[in-house]
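Architecture and fold: a report
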Amino acid sequence: MNITQTNKFANNQKEPTAKTGISILQLIFFQRKYILISLGFMIISVLLNLTSPLFMKQMIDTAIPEKNWSLLVGLIIGLISIPIFVTLFTFLGDKYNHRIGAYVTDQLRKKMFYKLTHFSPKTYNHLKSGDIAGRMYSCGEVGDLYITQFVVPGILHGLMFIGITGIMIYLNWKLTIISLVILPIMFFLSKKPAMSIRNISQNVMQLQQELSSYTTELVQGLKTVQTLNQVQKENDYQYKWIDNYRIERTKAFIVGSFSELLNKGQQALGIGVLFGYGSYEIFQGNLSIGSLVAFVAYFSQLFGSLEKAQFGLVKGIELKPKLEMIKEILDVNDEQDFETTSPTPLKIKGEIKFQNVSFAYDGDRGQVNNINLHIKPGHLIGIVGPSGGGKSTILDLLLGFYTPDSGSIFLDQYNLKEIPLKELRSKMTLVSQDVFLWNKSIKDNLQYANPDASIQDLEKACYEAQILDFIQQLPQGWDTVVGERGVKISGGEKQRLAIARALLRNPQIILMDEPTSALDSKTEAHLQEHLERIFKGKTVIIVAHRLATIRNADSILVIKDGEVAEVGTHEELLERKGIYDQLYREQFQAN
Ligand SMILES: Nc1ncnc2c1ncn2[C@@H]1O[C@H](COP(=O)(O)OP(=O)(O)OP(=O)(O)O)[C@@H](O)[C@H]1O
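So, here is what we can say about the structure in this document. (Residues numbered from 1 in each chain as written. Predicted model: local features only at pLDDT ≥ 70, side-chain atom pairs only at ≥ 80, totals over all residues. Heavy atoms only, no water.)

1. Re the layout of surface pockets
Taken as a whole, the second largest pocket encloses approximately 730 Å³ of empty space. As for the second largest pocket, its lining consists of 26 residues, of which Ile-197, Phe-311, Val-314, Lys-315 and Glu-318 are closest to the centre. (1 Å grid on protein atoms, 1.4 Å probe; cavity = no way out; pocket = protein on both sides within 12 Å on 5 of 7 lines; lining within 4 Å. Points joined across faces, edges and corners; volume = space filled by probe spheres on them.)

Dropping the structure here:
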């Protein structure tokens, strides 16, 4: 499995980093030292295993007929101790195998997490959170299982096969040929159930994946489901899922059991054939009884090895869909570069220019066309306009989440595409329309923006954002946990916390997308008074539907259908009697 486009490894063979692309086999190669140790233990355990039937042959052909008690006791002690040592060496080998498995798992997880945190919105907008969670979980199994149930059985039983075949030839070549004819027939017969198991396991995987994304979405949308009275509809879907899952699991069980039955039947038949022909060889004086017993024991071992190798193969086949799912994520080449930084930090005044900027999301969906803007440093700009016009898209372009299809954006004299993302985002802060808070304490959420902020800094930012009183009244104050996505606080409180969080970063450019939409007019007016002081000297862009929010802006842009329809101050735009004036009158009348 080749995980990403880069394959720097093969040449320099350094330890992988989360960023580097690498295949599972290459990951295993990095553990070669432990593979050799594990292989050593496995070879010892295979060799020990191979001696048991020879001890039996010796017992039947020599010790018992000759009544050689000392030899008999020695052989019996050998037969008792061999399995104990085999188990011990197998355990030691397994210990290293799990270590290798854990390493592969860790590396895959690191790569998955790296990808996940570096995806651009183009990719993550299409991702389902539950689906990703399922894939992250799969990594845990895949790394370990791939090694312990696929690679290791392949090596171990491959070795067993070679060793056993050699001894069988030594015991009786004719019986060996019969065995080697029987085995491929058996293998071929059991291939079909193995293929069915693969298809079923793929279905089971898909169903598990579906459940994971569905549950995540359901929890997030539970309130909507209940409000829209769609609980029954969801239950119907869930019961259908449960039925489908049960059917697939039952199929897996039946095919698995059938496959086992087939194997056992084939083994019994094979042993029967060997005993038949073996007895004939004994009558002809070509084979001793002990050799036949040993031969049949080796045949069982050979069959057991083949069965386990086949089991490993089935496991490998079962793991393939999981590997594919992980590969799908790791193969997406849409990472944002957060690692590169400017040699010296940029000092900017906060001037913003859009020159003939055009951009569309998918095809021509959500276009912004030929946007030209010039925002002077320290100015406060309002963006208004009908819903879906492209206001948030302009902020996203400025934040570097998307790059223009044509035209350029400048921050002071620097073209945006030349500024490293990390640097760019250190100059800006965004209070977005859809406030995201971690399911952690208020303090943790605020310090997320600035881990060095002291409690005094938090108090100041929260005071300016008009949320300090609320926090201080809470029984647990700063330590109050806000719930997933902030469900335990109101929309307006969430917005004010988001403003406080943004202020804690104190950057030169402040972007706000509907920052006060959930506040009542009185709270908004208070907040604005405070913010106006903070905004002094900074470049601020506020997207707002409520025109009162941006009334005092130095300039207001009206964005409609992806284009700048009007520009001017509040008074200028009213005089123009255009879209802004119409919006203003609509809101005025509504109020
Ligand atoms: N990720 C996306 N993929 C495809 N189309 C998108 C995406 N995000 C937004 N759009 C589309 O782009 C257009 C502009 O969206 P944008 O969010 O910029 O509008 P807006 O003016 O901020 O709207 P609102 O006032 O409702 O927030 C809309 O038609 C929207 O459906």
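The rest of the description comes next.
2. Considerations on the packing of helix 8 (residues 191-227) against helix 9 (residues 231-283)
Two elements in contact, helix 8 and helix 9, have axes separated by 10 Å at closest approach and are oriented at 160°. Here helix 9 runs roughly antiparallel to helix 8, going by the angle between their axes. Crossing of helix 8 against helix 9: the hand is left-handed. (Axes fitted to C-alpha atoms, helices over the stretch in contact; angles between N-to-C directions. Helix = DSSP H or I, 4+ residues; strand = E, 2+ residues; numbered from the N terminus. Parallel < 35°, antiparallel > 145°, perpendicular 65-115°, else oblique. Left-handed = near helix turned anticlockwise from the far one by under 90°.)

3. Overview of the nonpolar core
Judged by nonpolar contacts, the single largest core of 51 residues is most densely connected at Val-104, Leu-108 and Tyr-298. When contributions to this core are tallied by element, the ones reaching two or more residues are helix 2 (24-29), helix 3 (32-63), helix 4 (69-118), helix 6 (129-171), helix 7 (173-189), helix 9 and helix 10 (289-330). Per-element tally for this core: the top contributor is helix 10, with 14 residues. Counting residues in hydrophobic clusters, the runner-up holds 44 residues, among them Ile-467, Leu-503, Ala-544 and Ile-550. (Core = buried A, V, L, I, M, F, W, Y, C linked by side-chain atoms within 4.5 Å. Buried < 20%, exposed > 50% of the residue type's maximum accessible area, 1.4 Å probe, protein only.)

4. A few points about the sheet that holds strand 10 (residues 563-568)
Taken in spatial order, the 6 strands make up an open sheet running 6-7-8-3-9-10, and their pairing is mixed. The open sheet has two free edges, formed respectively by strand 6 (428-431) and strand 10, since each of these has just one partner strand. Pairwise comparison of adjacent strand axes, ignoring direction, gives a mean angle of 15° for this sheet. Examined bridge by bridge, strand 7 (residues 509-513) and strand 8 (residues 539-543) share 5 bridges and lie parallel to one another. Residue pairing across strands places Ile-509 opposite Thr-539, the latter belonging to strand 8. Sitting on the sheet, helix 17 (residues 521-535) is in contact with strand 3 (380-384), strand 7 and strand 8, with an inclination near 150° to strand 7. (Pairing = 2+ DSSP bridges. Contact = heavy atoms within 4.5 Å.)

5. Describing the pattern of salt bridges
Tallied over the full model, the rule gives 8 salt bridges. Between Glu-281 and Lys-174 there is a salt bridge; the shortest N-O distance is 3.6 Å. One end of the pair, Glu-281, is in helix 9; the other, Lys-174, is in helix 7, with 107 residues separating them in the sequence. The partly exposed category is assigned to Lys-174, whose relative accessible area is 29%. A salt bridge links Glu-248 to Lys-251; its shortest N-O distance comes to 3.2 Å. (Salt bridge = Lys/Arg side-chain N within 4 Å of Asp/Glu carboxyl O.)

6. Notes on the packing of helix 3 against helix 10
Two elements in contact, helix 3 and helix 10, have axes separated by 7 Å at closest approach and are oriented at 160°. Viewed along their axes, helix 3 and helix 10 adopt a mutual orientation that is roughly antiparallel. In the packing of helix 3 onto helix 10, the handedness of the crossing is right-handed. Facing Asn-49, Leu-50, Pro-53, Leu-54, Met-56, Lys-57, Ile-60 and Asp-61 of helix 3, the residues of helix 10 in contact are Ile-289, Gly-290, Ser-291, Val-293, Ala-294, Ala-297, Tyr-298 and Gln-301. Looking at side-chain class alone, the contact of helix 3 with helix 10 contains 10 nonpolar, 4 polar and 2 charged residues. (Nonpolar A, V, L, I, M, F, W, Y, C, P; charged D, E, K, R; others polar.)

7. Points about helix 14 (residues 455-464)
Of all the positions in helix 14, only Leu-458, Ala-461, Cys-462 and Glu-464 are classed as buried. When helix 14 is viewed along its axis, its buried side chains cluster within an angular range of 160° and face the same direction. Seen from the open side of helix 14, the exposed residues pointing more than 90 degrees away from its buried face are Gln-456 and Lys-460. In this structure, the buried residues of helix 14 make contact with helix 13 (442-447), helix 15 (468-473), helix 16 (491-503) and helix 17. Of the residues flanking the end of helix 14, it is Gln-466, one or two places downstream, whose phi is positive at about 60°. (Arc of directions from axis to C-beta.)

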